[in-house]
Amino acid sequence: QVQLAEAGGGLVQAGGSLRLSCAAAGRTFSRHAMGWFRQAPGKEREFVATIARSEDRTYYVDSVKGRFTISRDDAKNTVYLQLNSLIPYDSALYYCAAAWLDINYSLTPYDYTYWGQGPQVTVSS
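Residues numbered from 1 in each chain as written. Predicted model: local features only at pLDDT ≥ 70, side-chain atom pairs only at ≥ 80, totals over all residues. Heavy atoms only, no water.

*Asks:* Hey, could you run me through the packing of aromatic side chains in this one?
*Replies:* To describe a pair of aromatic rings, you give the distance between the ring centres and the angle between the ring planes. This structure, assessed with the given rule, holds 6 aromatic pairs. For the ring pair Phe37 and Phe47, a centre distance of 5.8 Å and an interplane angle of 75° mean the geometry is edge-to-face. One end of the pair, Phe37, is in strand β4 (residues 34–39); the other, Phe47, is in strand β5 (residues 46–51), with 10 residues separating them in the sequence. Across the pair, Phe47 and Phe37 agree in class, each one buried. Aromatic side chains Phe37 and Trp115 sit 5.1 Å apart centroid to centroid with 55° between the ring planes, which places their arrangement in the tilted category. Taken together, the residues Phe37 in strand β4 and Trp115 in strand β10 (residues 112–115) connect sequence positions 78 residues apart. Residue classification places Phe37 among the buried positions, given a relative accessible area of 0%. Through successive ring pairs, a cluster of aromatic residues spans Phe37, Phe47, Tyr95, Tyr112 and Trp115. For Arg45, the ring lying beneath its charged end belongs to Tyr95, and the centroid distance is 4.0 Å. (Phe/Tyr/Trp six-rings, centres within 6.5 Å; stacked < 30°, edge-to-face > 60°. Helix = DSSP H or I, 4+ residues; strand = E, 2+ residues; numbered from the N terminus. Buried < 20%, exposed > 50% of the residue type's maximum accessible area, 1.4 Å probe, protein only. Lys NZ or Arg CZ within 6 Å of the ring centre and 35° of its normal.)

Listed below in structure tokens is the structure:
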């Protein structure tokens, strides 16, 4: 069982930055691939980034490549998402998620079993 608690959302002007964190309670954090997804009003949940378990391999949706960075600190049971050069399109609820134990990394929400509450990120133009 993994419980996830996110922090770091807020309101920022276009071009600004935010850092989201997701702290996990549980003993198996390092064995889970971790991901960030986002959902804007009226839209489906969208993959943003994932980081593999036990290594630093990362994957991003094309729209955030070069602007967002996902990282993890297994000693702190925490995954981060650094958001730079934000644009209004990035406004959404951002969810962190932990994948099933036998998955090294995944870009689909169906492979994730534990979800956080989703801090709001709002980017004003």
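*Asks:* Would you explain the state of the cysteines in this entry?
*Replies:* Covalently bonding the sulfur atom of one cysteine to the sulfur atom of another cysteine gives a disulfide. Under the criterion given, the structure shown has 1 disulfide. A sulfur-sulfur distance of 1.9 Å marks the disulfide that ties Cys22 to Cys96. Taking the torsion about the S-S bond as the criterion, the Cys22 to Cys96 disulfide, at about 45°, is right-handed. Remark: Cys96 occurs in strand β9 (residues 92–99) and Cys22 occurs in strand β3 (residues 18–25); sequence separation between them is 74 residues. Look at Cys96 and you get buried, because its relative accessible area is 0%. (Disulfide = S-S within 2.5 Å.)

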